[in-house]
Structures are given as structure tokens and as C-alpha cells.
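Structural characterization, general
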Amino acid sequence: MKYTIKIHSILAIALSLFWPLVAQPANPVIDSLIHLITYDSYVAHFDSLRTNNGHFRKVIEAEVQSADHDACRDYIFRSMQHVLGAENVSLHKFETGNYKGLANVIGIKKGSSPDCGFIIISAHYDSNNSNETQLTNCAPGANDNGTGLAALLEIARVLSEIETECSVIFAAWDFEEQMMYGFPVGSNHWFSHFVRNSKKKKADEVFPIKRKEIIANINFDMIGNPMETLDGKLVLWACLGNRSHKKFIDSYITIFNEYTQGISAINGGMIPYSDHYTFAARRIPAVENLESGFSDDPYYHTCNDNIENEKNINFSFATEVTRGGLAYILSQCLLKND
Ligand SMILES: [Zn+2]
């Protein structure tokens, strides 16, 4: 069932009658839509993402990747197909050197206005364990990056029901945890194959897209265990991948903070890695949603970054971060007459 402009309008009128009596985000329609993301639906994804103690989604030098890596990829694929339609989801398969059996999962939702461009929402699904004193075959990555994946899938679920002016690409990247040629491997492979400076395609084909058609990249990478608070609120870092994007980050933060409750986004500074960097380095506005103080997170890149570790993930925080990201996306691409 699709939310239509009509439903939006009725909702907007109904809400505007009562709005002066309650808190006042700028747009009550956006506020109501982001609350379609719920704690329970966010958490439910973790049943299938392979983030238990002992799970392993780290990319290895091999012909095929681990069963957990592939099962996680397949769950993301099925979930996107379920909400976007089977014909709108594909695997971008690739390999590099001795690392084989890799694939980005790419979903697309076409917008109503062909000239509006694309927003790319993304999260990586491979994991890592950099602690050599632990079992090397244990990399459950529940926080890094099950939390980002759940955000991506929740936003896909909600956005799939809404008419938007611009198109949206949903990307679950493989092989983020290693940099090659200065970029995270999976997103850089996709960018190299599907983004061009000039357009050479038939009118009815979506790809390749033009670099200037990309409005922004909203990337979620490890949003579950913030280390910092500000005025009693848990802090999200909104990080840049290009210093020239400070204005964009400021605007992201303003909208994020306008719609979220109990948490606060601040400029987390420059992060020249993770998948937002693939876009930011090419002068495409990009933001990295990242828990504050992530390098002090005791479970980061360890076997303890699993779903059974009760201290690992603050799901209320991660759910609210997802809502804040969606608020920004809606502010950019919701139909203008809504
Ligand atoms: Zn990560």
C-alpha cells in the first residue's frame, strides 16, 4: 500500500490542527513518517544479519566467502526485494586480487521527477576483527555494522511506501574494512562502474548515473554505542569526508537535531575512510553517521561486538539515529507539494 499525496495532505491538515499544542518540528508530515521506524522493527533485523558470538563476515582471501558473509548478503537482498520489488534489487558482483565472491547489494526506488537526481543511502555488511589476541575467525560485527544495515533496511522499508521526487539508491557495501587505492573496496568498485562524469546511456536505463546527479550520500557505519554525551544527550558524530562539505554537514545536523529526541548530532570532523569517503572525495556531499568516540568503544573490531553482549548496542539510540537520517532524506526528496 502506498502513501499518497492525498494521505499526506489529510495527515498534514489533521496534524496542523493539533500541532501548536505539542512540540514543533518544522514539518509534521516528516515527523510522523520517521516514526514509522520503530524500535521493534529496527531490532528484528538482527535475527538474520549473522551478528551472534562466533559469527564471521570478514572478507578473506579465498574463492568464496564465509557462510555468514553470504547469508547476511542474502538477507539484505531478500529484505530489499520485499519492499522495493524484485526487479529493483540486484547484486553487483566483483573480485579484487585473491579476494573473490564479493558483491554489493543495490536497490533502487525511482522518483517522480527524472531531473531531481539520486540520494544514496548506504551501510557496509562485511565485518572485521583487528584484535590478534582473539580468535581470528570471530568477527560478528553487530555494531560495526549490523546497526548501519538495520538503519538502511528500515529506511528502505519506510521510503518504499512514500512517493518521493528524487530517486533513492539503497546500497549495502561489501569489503569496506580494507582500503585499496585510497578507498574502501566495495563502494569504490561500484562507483567506478556505475558513476560517470558524463552521461552515455539510453533514456530508459538508470545506470550509469552522472556524478552531478548524486544529491548526497548518507552512510551509516557503527551507530550503536556512543561514548560521549552533551547536555545529558547521547552524541552522534556526523563526519565529513571532504572539508568543503562543512555547510552540508551543518545542514544535516540542524535537520537531524530538529526531529530527534534525547540524542544530539555534532560535527565529528574529518574521516577519510569508510564508504562516505568514496563519494566525498569526488566532491559529492556525504555524511558518515558514526557513534561518538568510536575508537574508545571497547568492543570495536573484537569478538565481543556481538548481539549477545548486552552492553554492546543501545538500540534506542540507534533507532533514533535512523529516524534522524530519514528526516534529512525526506527534507530533500519528499514531493514538494506535501
Ligand atoms: Zn564499519
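A brief structural summary. (Residues numbered from 1 in each chain as written. Predicted model: local features only at pLDDT ≥ 70, side-chain atom pairs only at ≥ 80, totals over all residues. Heavy atoms only, no water.)

What about the overall build of the protein chain?
Each helix and strand in the protein chain was counted, giving 9 helices and 13 strands. For the protein chain, the residues scored as buried account for 57% of the 338 residues in total. Contacts spanning at least 24 positions in sequence make up 78% of the contacts within the protein chain whose residues lie at least 6 apart. For the protein chain, the accessible surface area stands at approximately 14500 Å², while carbon and sulfur atoms represent 52% of it. (Helix = DSSP H or I, 4+ residues; strand = E, 2+ residues; numbered from the N terminus. Buried < 20%, exposed > 50% of the residue type's maximum accessible area, 1.4 Å probe, protein only. Contact = heavy atoms within 4.5 Å. Areas by Shrake-Rupley, 256 points an atom, 1.4 Å probe, with all protein chains shown as cover.)

Digging into the pattern of salt bridges
Should the charged atoms of two oppositely charged side chains come close, the side chains can pair. Inspection of the entire model under this criterion finds 7 salt bridges. The salt bridge partner of Arg157 is Glu154, with a shortest N-O separation of 2.8 Å. Linking Arg157 with Glu154, this pair stays in helix H5 (residues 142-159), spanning 3 residues, or about one helical turn. Note that Lys246 and Asp250 form a salt bridge whose closest N and O atoms lie 2.8 Å from each other. Here the residue Lys246 and the residue Asp250 both occupy positions in helix H7 (residues 246-259), the gap between them amounting to 4 residues, near one helical turn. For Lys246, a relative accessible area of 46% translates into the label partly exposed. What you see here is one network of salt bridges that share partners, running through Asp70, Arg73 and Asp74. (Salt bridge = Lys/Arg side-chain N within 4 Å of Asp/Glu carboxyl O.)

A short note on unusual backbone geometry
Cis geometry is found at the peptide bond from Asp144 to Asn145, where omega equals 20°. Topologically, Asn145 is positioned in helix H5. Note that the residue after Phe207, namely Pro208, is joined by a cis bond; omega there is -5°. Structurally, Pro208 is set in the loop between strand S7 (195-196) and strand S8 (209-210). Within the chain, Tyr181 stands out as a residue other than glycine whose phi angle is a positive 55°.

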